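Now for the letters of each chain:
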Amino acid sequence: MLRPLQRSHLPALAGLVADPEVLRSTRIPAPVPDGFVDAWFGTYEAGRRDGTREAFAIEDAGGAFLGLALAPEIDRDARTVELGYIVAPAARGRGVATAALGQLTAWTFDALGALRIELRISVANPASRRVAERCGYVLEGVMRSLYVKPGLREDVELWSRLAADPRPAGDAGPQ
């Protein structure tokens, strides 16, 4: 299930950003600066208020934190949204990312009225590529030597879904 990210999720988020795999495959700076989690949360709170970002905690039926489902960039004029997802180490390999991206995608089309959704995935991240494929995203190409974060440029695949594309089975908004 996707739940709007709240301050109560911050301890779990701090654990998530300490994971080397998360640092390798996301825009989170490495090493993680002091105060990063609070500042990052504040950025998403402000984005929620002005409609330019959104963050959800991925939780199981019992409320355990499994990861994040994100809209780091919402362009309401262009009706284009960038999405992302991060799964906690203990939840990987269980279909969590696929379920979360399916729900996040449906929310983006239904609640935001988006016409285009984009994912940016490192060419070195085949697991994320499989998630995108399962959720009906189409590979558009590779952006070479893209600036990801300080000290990291890498080749990044651009994946997209359009509102007019058929929805794969399982697309449902946040519960």
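Note that the coordinates shown come from a computational prediction; the quantities given were computed from them, not determined experimentally.

Calculation rules
- Residues numbered from 1 in each chain as written.
- Predicted model: local features only at pLDDT ≥ 70, side-chain atom pairs only at ≥ 80, totals over all residues.
- Heavy atoms only, no water.
- Helix = DSSP H or I, 4+ residues; strand = E, 2+ residues; numbered from the N terminus.
- Buried < 20%, exposed > 50% of the residue type's maximum accessible area, 1.4 Å probe, protein only.
- Contact = heavy atoms within 4.5 Å.
- Areas by Shrake-Rupley, 256 points an atom, 1.4 Å probe, with all protein chains shown as cover.
- Lys, Arg positive; Asp, Glu negative; His and termini not counted.
- Charge placed at Lys NZ, Arg CZ, Asp CG, Glu CD.
- Phe/Tyr/Trp six-rings, centres within 6.5 Å; stacked < 30°, edge-to-face > 60°.
- pLDDT = per-residue confidence, 0-100.
- 1 Å grid on protein atoms, 1.4 Å probe; cavity = no way out; pocket = protein on both sides within 12 Å on 5 of 7 lines; lining within 4 Å.
- Points joined across faces, edges and corners; volume = space filled by probe spheres on them.
- Nonpolar A, V, L, I, M, F, W, Y, C, P; charged D, E, K, R; others polar.

### Observations concerning the overall build of the protein
Summing up its helical and strand segments, the protein has 5 helices and 7 strands in all. Start at the N end of the protein and walk to the C end: the helices and strands fall as β-α-α-α-β-β-β-α-β-α-β-β. Here the protein holds 175 residues, and 46% of them are scored as buried. Contacts spanning at least 24 positions in sequence make up 59% of the contacts within the protein whose residues lie at least 6 apart. In the form shown here, the protein has an accessible surface area of approximately 8,600 Å², with 54% of it arising from carbon and sulfur atoms. For the protein, the distance from the average site of its 21 positive side-chain charges to the average site of its 22 negative ones is 2 Å.

### Digging into the packing of aromatic side chains
The tally for this structure, following the rule as stated, stands at 2 aromatic pairs. Both rings, one in W40 and one in Y44, keep their centres 4.4 Å apart while their planes meet at 40 degrees; by these two values the pair is tilted. In this pair, W40 and Y44 are both assigned in helix α3 (residues 36-50), 4 residues apart and thus about one turn of the helix distant. Comparing W40 with Y44 shows no difference in burial state: the two are buried.

### As for the confidence of the model for the protein
Across the protein, pLDDT averages 93, with 96% of residues at or above 70. Mean pLDDT in the protein bottoms out at helix α2 (residues 20-25), which sits at 88, and peaks at strand β2 (residues 54-59), which reaches 98.

### A word on the layout of surface pockets
If you add up the space inside the largest pocket, you get close to 1,200 Å³. As for the largest pocket, its lining consists of 48 residues, and the residues nearest its centre are S25, T26, Y85, I86 and N125. Per element, the largest residue contribution to the lining of the largest pocket is 6 residues, and it comes from strand β4 (residues 80-87). Class assignment of the residues belonging to the lining of the largest pocket gives a composition of 27 nonpolar, 10 polar and 11 charged.

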